[in-house]
Amino acid sequence: MEWTAMEINPEMMSKLGVGESWHFVDVLGLEGEQLSAVPRPCCALMLLFPLTQQHESFRQQQADKVAENSEVYFLKQTVVNSCGTIALLHAVANNKSKLTFDTDSALKKFLDETANMSANDRAKHLEKNQPEADKVNFHFIAFVNVNGQLYEFDGRMNGPVNHGDLSHFSSVFLLNHVQDAAKVCRGFMEREQGEVRFSAVAFCHS
């Protein structure tokens, strides 16, 4: 099963029934001055990057770093091209208490229905949606602060990766927390020598 790849735009969250004060913004760079332009508070960072052999080798090395945490919402990716949707769900589900939803929000309905499911059962529930397929070779992942820990969510793995304590504890990402996530993102870029096809968006409150 394959889906059409997701395109993130400013109207997307309102269409999914998330309160209008939360939206995605482009992250123009992963260094200090560029990160300072990200609106605050910011509760998640999503990275888009090409899938390469170097990345696959790196993921194999990370297999034993998968975290077990019942407080973290994790969803397996079982549908090709659904990584953008999976990353978005990870960003929203792990910040659900900070957001407001419309009464008919399809996103909230899905999260409520899958709240007590396993990662694999959540994937099966998502498979009920069957958009048309499209061929891409890029992948979305999300970084979220859950109780002061920086988690990396990749639906192609068996669980989230815990990157440890954030610089300063807060209930939401602030600038320093985006910097922590950006540091991990820069590692992705450094592993792909000569590759420039990276981009990132942040999930922010305005």
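Residues numbered from 1 in each chain as written. Predicted model: local features only at pLDDT ≥ 70, side-chain atom pairs only at ≥ 80, totals over all residues. Heavy atoms only, no water.

Colleague: Explain the layout of surface pockets to me, using residue names and the numbers behind them.
Modeller: The calculated volume of the second largest pocket comes to roughly 290 Å³. Forming the walls of the second largest pocket are 17 residues, and the residues nearest its centre are Glu 71, Ala 93, Asn 94, Asn 95 and Lys 96. (1 Å grid on protein atoms, 1.4 Å probe; cavity = no way out; pocket = protein on both sides within 12 Å on 5 of 7 lines; lining within 4 Å. Points joined across faces, edges and corners; volume = space filled by probe spheres on them.)

Colleague: Hey, could you go over the packing of aromatic side chains for me, with residue numbers and the actual values?
Modeller: The geometry of an aromatic ring pair comes down to the distance between the two centres and the angle between the two planes. Scanning all chains against the criterion turns up five aromatic pairs. Centre to centre, the rings of Trp 22 and Phe 203 are 5.4 Å apart; their planes meet at 45°, and the pair counts as tilted. Here the residue Trp 22 occupies a position in strand β1 (residues 22–27), and Phe 203 occupies one in strand β6 (residues 199–205), the gap between them amounting to 181 residues. Overall, the relative accessible area of 6% leaves Trp 22 in the buried class. In this structure Phe 203 comes out as buried when scored by relative accessible area, which is 0%. With 6.1 Å between their ring centres and 75° between their planes, Phe 58 and Phe 188 make a pair best called edge-to-face. Highlighted residues: Phe 58 in helix α3 (residues 53–61) and Phe 188 in helix α7 (residues 175–191), separated in sequence by 130 residues. (Phe/Tyr/Trp six-rings, centres within 6.5 Å; stacked < 30°, edge-to-face > 60°. Helix = DSSP H or I, 4+ residues; strand = E, 2+ residues; numbered from the N terminus. Buried < 20%, exposed > 50% of the residue type's maximum accessible area, 1.4 Å probe, protein only.)

Colleague: Could you give an account of the packing of helix α4 (residues 83–93) against helix α5 (residues 106–114), with specific residues and numbers?
Modeller: Contact geometry for α4 and α5: axes closest at 11 Å, N-to-C directions at 80°. The orientation of α4 relative to α5 falls into the category roughly perpendicular. Contact residues: α4 offers Leu 88, Leu 89, Val 92 and Ala 93, while α5 offers Leu 107, Phe 110 and Leu 111. When grouped by side-chain class, the residues that make up the contact of α4 with α5 number seven nonpolar, no polar and no charged. (Axes fitted to C-alpha atoms, helices over the stretch in contact; angles between N-to-C directions. Parallel < 35°, antiparallel > 145°, perpendicular 65-115°, else oblique. Contact = heavy atoms within 4.5 Å. Nonpolar A, V, L, I, M, F, W, Y, C, P; charged D, E, K, R; others polar.)

What is shown is where atoms sit, not what they do.
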